[in-house]
Each structure stands twice: as structure tokens, then as C-alpha cells.
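One letter stands for each residue in the lines below.
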Amino acid sequence: VMVWANFASATGDNMILGQDGALALPGGESLHLGTRNGNLHSGHWGDDIGPEQGSSVPPGAGWHHVAYTNDGAAGNQSIYLDGALVVGPGAAGVAGAFDTSKNLLIGTSNNGGSFSGQIDELKVYNSLLSVSEIQAGMAIPESGSMVLMALAGGFLLRRRR
């Protein structure tokens, strides 16, 4: 997952992307990517990394490019901030399999951590990204270019400044 985010809060769960419903894992874990108490947090179905690492994002500091990776089989995760590795690779155990029957949620998660701030250019990939792919994904479209996003119930046309 890659996203441009402008964080407005440093308290509690502030999730950029999540999944609805719980999986049949101990505790009913779900996907939740964002910040927890001001620190970047990656939660892939019970394989969480982040808060204990001290990878803070100051609220109100403007736009940041954030990328979350997980190699799946081994559960190794990493978090990149503005193209630099800030957490990981680390594994808290092998993550559960992606449950395609659950919806992806933008700006919240099943854990209830609604995002406080702004989100732009959210991209979800079905393969592990390399550092060079993450850094290439940071490229800002030319001034005046437009992005069309499909949303439930309609479309949003966004022009990046």
C-alpha cells in the first residue's frame, strides 16, 4: 500500500486503510494501516508492527508519502516514510491470509480508528514493492493533472496542487 497522507492527529488509532469484519484468528484481527498514538502502525491480520518502534509522524507537518509492505508468507513487514525505511523489516508472527470477502475501508478500519487528516493517491498492490518502486511511486503528477477516483455512490475528481 502506498499513500500520500496529511496527518491532523497524533492520538489513538488514526487508520488510513482497513477492512470490515473480523477474521477467524484469535481476537478477530483485521487489516489496519495508519498511525497509533502518533507512530506509524502496520496491522496485517494479527501481525502488527509499529508503535513500539517510535516512528512518529508529527501532526500538521504537511503531506507525507507512506508505504506499507508485507511479504505475506513470512509476515515480514516494513513501513517507509517519504521513501526511507523507518520500521522493519519486522515480523510479529505470520500474518493471516488476505480475506477477499471483506471490503477495504478508506479512512477507517474495523478497529474503529477513523483517519483524522487528508488522504490522496491511495494505491493497493498485489505484490511486494521494492524500495525503488516505492520511491518511484512518490512522484507527484504534473501541476494541473487530474486524478479520477471511483467512490461508493459516485466519482471524485481531484486536482493536486
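Owing to the predicted nature of the structure, the values given are computational and were not obtained by experimental measurement.

## Details of the overall build of the protein chain
From N to C terminus, the protein chain includes one helix and 12 strands. Across the 161 residues in the protein chain, those meeting the buried criterion constitute 39%. The contacts in the protein chain between residues at least 6 apart in sequence include a share of 57% that link residues at least 24 apart. For the protein chain, the computed accessible surface area is about 8,000 Å², with 54% contributed by carbon and sulfur atoms.

## Describing the pattern of salt bridges
Counted according to the given criterion, the structure contains one salt bridge. For Arg36, the salt bridge is made with Asp13, and the minimal N-O distance between the two is 2.6 Å. Of this pair, Arg36 sits in strand E3 (residues 32-36) while Asp13 is found in strand E2 (residues 13-19), placing the two residues 23 residues apart along the sequence. Under the relative-accessibility criterion, Arg36 is labelled partly exposed at 21%. A relative accessible area of 24% means that Asp13 is categorised as partly exposed.

## Points about the pairing of E3
Every other side chain in a regular strand lies on the same face of the sheet, so the side chains alternate between the two faces. Across the five residues of E3, four count as buried, placing the element largely inside the fold. Relative to E3, E2 runs antiparallel, the two being bridged by five bridges. From the neighbouring strand, Met15 faces E3, where its bridge partner is Gly34.

## Things to note about the side chain of His64
Considering the arrangement of structural elements, one finds His64 in strand E6 (residues 63-70). Polar side-chain contacts of His64 include one of 2.8 Å to the side chain of Asp82. Other than its neighbours up to four places away in sequence, His64 contacts Val3, Trp4, Ala5, Val57, Leu81 and Asp82.

## Regarding unusual backbone geometry
Although it is not a glycine, Asn37 sits at a positive phi angle of roughly 50°. Structurally, Asn37 can be placed in the loop between E3 and strand E4 (39-44). Positive phi is not limited to glycine here, since Glu121 has a value of about 50°. For Glu121, the location among the structural elements is in strand E10 (residues 117-123). Note on Glu121: relative accessible area 13%, which makes it buried.

## Let's talk about the packing of aromatic side chains
Under the defined criterion, the tally for this structure stands at one aromatic pair. Ring plane angle 65° and centroid distance 5.6 Å describe the contact between Phe7 and Phe115, whose orientation is recorded as edge-to-face. Taken together, the residues span a long stretch of sequence, with Phe7 in strand E1 (residues 2-7) and Phe115 in the loop between strand E9 (104-106) and E10 at a distance of 108 residues. Of the two residues examined, Phe7 and Phe115, each falls in the buried class.

## Focus: the pairing of E6
With respect to burial, E6 is a largely interior element, seven of its eight residues being buried. Taken together, the five bridges between E1 and E6 define a ladder with antiparallel strand orientation. Across the sheet, residue Val3 finds its bridge partner in E6, namely Val66.

## Observations regarding the nonpolar core
Core analysis: the biggest nonpolar cluster contains 16 residues, and Phe7, Ile16, Leu33, Leu40, Val66, Tyr68 and Ile79 have the highest contact counts within it. Listing elements by their share of this core, those giving two or more residues are E1, E2, E6 and strand E7 (77-81). The dominant element in this core, judged by the number of residues it contributes, is E1, at three residues. In this structure, Met2, Ala67, Tyr80 and Leu129 belong to the second largest nonpolar core, which totals five residues.

Here is what the cut-offs are and how they apply
Residues numbered from 1 in each chain as written. Predicted model: local features only at pLDDT ≥ 70, side-chain atom pairs only at ≥ 80, totals over all residues. Heavy atoms only, no water. Helix = DSSP H or I, 4+ residues; strand = E, 2+ residues; numbered from the N terminus. Buried < 20%, exposed > 50% of the residue type's maximum accessible area, 1.4 Å probe, protein only. Contact = heavy atoms within 4.5 Å. Areas by Shrake-Rupley, 256 points an atom, 1.4 Å probe, with all protein chains shown as cover. Salt bridge = Lys/Arg side-chain N within 4 Å of Asp/Glu carboxyl O. Pairing = 2+ DSSP bridges. Polar contact = N/O pair within 3.5 Å; in protein donor to acceptor, adjacent residues only side chain to side chain. Phe/Tyr/Trp six-rings, centres within 6.5 Å; stacked < 30°, edge-to-face > 60°. Core = buried A, V, L, I, M, F, W, Y, C linked by side-chain atoms within 4.5 Å.

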